[in-house]
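Residue-level structure breakdown
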Number of protein chains: 2
Amino acid sequence: MAKIDFAKAPTLHDVAKAAGVSKGTASNVFNRPDIVREEVRERVLEAAKSIGYRGPDPKGRMLSAGKVNAIGVATVEPLAYFFEDPYARVLMAGITEACDANGTGISLVSAANEEELAWNVHSALVDGFILFCLKGAERLIALSRERQLPFVALDFGTKDDAMSVVSIDNIEGAGRAARHLAELGHRRFAVLSMEFIEGSSGRATMERVNAASYSTSRDRVRGYFEALEAFGIDTSNVPIFETLCDRETVQSALEEIFASPSPPTAILAQSDRIAFFALDWLKAKGISVPADVSIIGFDGVPESATSTPPLTTIRQPIAEIGRRAVRAILDHHGETWREKIDTELVVRGSTAPPRD
Amino acid sequence: MAKIDFAKAPTLHDVAKAAGVSKGTASNVFNRPDIVREEVRERVLEAAKSIGYRGPDPKGRMLSAGKVNAIGVATVEPLAYFFEDPYARVLMAGITEACDANGTGISLVSAANEEELAWNVHSALVDGFILFCLKGAERLIALSRERQLPFVALDFGTKDDAMSVVSIDNIEGAGRAARHLAELGHRRFAVLSMEFIEGSSGRATMERVNAASYSTSRDRVRGYFEALEAFGIDTSNVPIFETLCDRETVQSALEEIFASPSPPTAILAQSDRIAFFALDWLKAKGISVPADVSIIGFDGVPESATSTPPLTTIRQPIAEIGRRAVRAILDHHGETWREKIDTELVVRGSTAPPRD
DNA sequence: CACCGACCTTGAACCGGTTCAAATTTTGCT
DNA sequence: AGCAAAATTTGAACCGGTTCAAGGTCGGTG
């Protein structure tokens, strides 16, 4: 009865010696038992059992294989973020599903501060990273580059071409949103956008849009406008208001929008969050949705189903993004891989044909 | 400008050669730069930069250090479970917090089927396991034992002494529950317990309790009774009904309890789940809670705050359990460690002084 | 000038496996 | 029995580092 001894576990070498075979043969017993003569195989297994050897230590295997069989999911947020944020949870569900199907493990990489993050990224035992890009994305990307492992950034609106990215097709999604409203008969629109440039808000021109450092916001505007133009709508008359996705900037954008002599009958909000703030403001002003004005969001967060009225929106297939990201790491070993995933229009109660 | 080349990253050996120093010195440059002469250090760093070496590969470090700096969190459920189950999420938040504070990584270990689980447990690159014991706990424990790594089981009511366990103090928590009711003035009680033995239900004797294979259920009864006896209550008159934590067995227990000529004024439910079923039955029978009868749950699940009436219960400090589990692995290297964590009484609307 | 200690550097051993060409043993056949 | 082919086994190299005893260099001291 071998006692468990954490101080010194037996190694393959010990087993080989005990069984009177070479290390190579012992290794084969565990990895390719079929090429070892039965008699020898049994002898080795018996020796292993008697000295308490439970099979090859993954640490050794990993070194020589050069593969860890795990991918790291990294973010700048503290680790707990993965389990708290609703978006993150759905995404992780997709990631774990793909990993499960592939027998790949998942390591969570993150840290409270920059320094630890650097260390964690550099010392994580993984074959690649999925970068959960929120704030601090550039830093995360730089660290991953340094580590010289394959990595894929999620839905990060960057112009950097030299890396793998899995994201939704913002142009196509925005197009769906605009088309939906145009098909309902709307002809007067306004856009509530996210930031084009860090921290800026207010009415934006197309020059500003084109100079955006956040390509997500830019692409959504482009998507809207392409679709609207297909309906013969002159988009140069469609006002674009940049917001910080907070109540204040959304409200002041709306104040300005509805101060116009011919206010829009439909609002294109670049995120559900913006749409919710807009809904609140409209209700406060006694403007009825969707009777007086229609509004469509973007993202398809769970709350969009339960708002008043329920929000028509463009749903991101979050879990699918996670799954694809895993495949991107696993299947496209290191080469840069860019993939756009289709979004889906979810029609709920916040859109309807215009009044007249 | 060294091109990133996934096929063949430079190794410490390459750096040493390029800098004209020994591998040992090169290693020191990265790990104990202070003991290397400045001139040499710079030469090595420069050589590293020029051939595109970004620092020691954790794979190598890990092998020789024998430590991975990560702990595995294992469960029998599919990986997605970690991100979906509310209890799991809170627990993980605690675990991640403790790991964060310690610079330790987290690997998620789990699998859809038995075979994969075995492989995953055997091949996970971790220094120890936290076992998330739900169904299939025995199997998980057996696998972890085989792996010969430290592990700690969470809140698993087993009698097995030869392993580390972090759990709540069921006796103390149950005591709190009973004391609360006794202090309100209650003197006639009934206990709705979880299983003592797999699959059994119905009225239970103290012999049955003492022979329980699930120590959680047993300890909670003991806790209740110890506290009640301190109030001079004769616990031999307190009926104990074993339930399967489902509606049916809880209902039939209640039928029997309230068929008594002098029914209890207070019910001690061993889980919130049981308490909810009891609440439903009592409402259906027109028995008012807490006017006619008080009821207290156990666990403090989120729903307990929003039930009708809100449930008085014993809250488990779930996140704290997670934190302690991490410490148990990290601080008590391999030795078996058993820890009980205090619970907390949460008084809500389901308890009140007895009518008379 | 010889010797000593402080400070660096070296080189080999080791961590625990995997892999593969070469050596050895079996097997199949005549 | 003799011999080639097939089946096994061996042993060394390798994966990418870390560690440490031993050796070397250099300045200071008696």
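I will try to describe carefully the structure that is included in this document. Bear in mind that the values here come from a model prediction, so they are computed numbers and not experimental data.

Calculation criteria
- Residues numbered from 1 in each chain as written.
- Chains lettered and ligands numbered in written order.
- Predicted model: local features only at pLDDT ≥ 70, side-chain atom pairs only at ≥ 80, totals over all residues.
- Heavy atoms only, no water.
- Helix = DSSP H or I, 4+ residues; strand = E, 2+ residues; numbered from the N terminus.
- Expected span 1.5 Å × (residues − 1).
- Buried < 20%, exposed > 50% of the residue type's maximum accessible area, 1.4 Å probe, protein only.
- Contact = heavy atoms within 4.5 Å.
- Buried area = accessible area lost by both parts, 1.4 Å probe.
- Salt bridge = Lys/Arg side-chain N within 4 Å of Asp/Glu carboxyl O.
- Polar contact = N/O pair within 3.5 Å; in protein donor to acceptor, adjacent residues only side chain to side chain.
- Nonpolar A, V, L, I, M, F, W, Y, C, P; charged D, E, K, R; others polar.
- Near = heavy atom within 4 Å.
- Phe/Tyr/Trp six-rings, centres within 6.5 Å; stacked < 30°, edge-to-face > 60°.

Once that is clear, we can look at helix α6 (residues 86-102) of chain B. Residues and elements named next belong to chain B. Taking 1.5 Å as the rise per residue, α6 with 17 residues should run 24 Å; its terminal C-alpha atoms sit 25 Å apart, in good agreement. Taken residue by residue, α6 has A88, L91, M92, A93, G94, I95, T96, A98, C99 and D100 as its buried positions. G103 sits one or two residues past α6 and shows a positive phi near 70 degrees.

Interfaces are frequently sized by the accessible area removed from exposure as the parts join. Taken residue by residue, the interface counts 44 residues in chain B and 43 residues in chain A. Buried surface at the junction of chain B and chain A, both sides included, amounts to about 3,900 Å², of which 62% is carbon and sulfur. Sorting the residues of chain B by area buried against chain A places B:K59, B:F83 and B:Q148 first, and these three jointly supply 19% of that buried surface. Here chain B is connected to chain A by zero salt bridges. Our enumeration of links across chain B and chain A arrives at seven residue pairs in polar contact (both at pLDDT 80 or more). Taken together, the residues that form the side of chain B that touches chain A break down as 22 nonpolar, twelve polar and ten charged.

Here we come to the protein's contact with DNA strand C. Around DNA strand C lies a shell of 23 residues, among which A:L12, A:S27, A:D57, A:S64 and B:V40 are the nearest. Taking all atoms of DNA strand C within 4 Å of the protein, the share assigned to sugar and phosphate is 63%. For DNA strand C, a phosphate oxygen lies 2.7 Å from a polar atom in the backbone of A:L12. Take A:Y53: an N or O atom from its side chain is 3.2 Å from a phosphate oxygen of DNA strand C. In terms of residue class, the surface near DNA strand C is made up of eight nonpolar, ten polar and five charged.

To continue, consider the protein's contact with DNA strand D. Taken together, 23 residues sit near DNA strand D, with A:V40, B:L12, B:S27, B:N31 and B:S64 positioned nearest. Within 4 Å of the protein, the contacting atoms of DNA strand D are drawn from sugar and phosphate to the extent of 63%. The contact in question runs from a phosphate oxygen of DNA strand D to an N or O atom on the side chain of B:S27, over 2.5 Å. Within the side chain of B:R61, an N or O atom sits 3.4 Å from a phosphate oxygen of DNA strand D. Put simply, the parts of the chain that give the surface near DNA strand D at least two residues each are α2 (23-31) and α4 (58-65) of chain A together with α2 (23-31) and α4 (58-65) of chain B. Split by residue class, the surface near DNA strand D holds eight nonpolar, ten polar and five charged.

Per the stated rule, a full pass over the model turns up eleven aromatic pairs over all chains. On the basis of an interplanar angle of 80 degrees and a centroid distance of 5.8 Å, the ring pair of A:Y81 and A:F132 is categorised as edge-to-face. One end of the pair, A:Y81, is in helix α5 (residues 81-84); the other, A:F132, is in the loop between β3 (129-131) and α8 (137-147), with 51 residues separating them in the sequence. Summarising the burial analysis for this pair, A:Y81 and A:F132 share the class buried. Judged by centre distance (6.1 Å) and plane angle (55 degrees), the ring pair of B:F82 and B:F132 falls under tilted.

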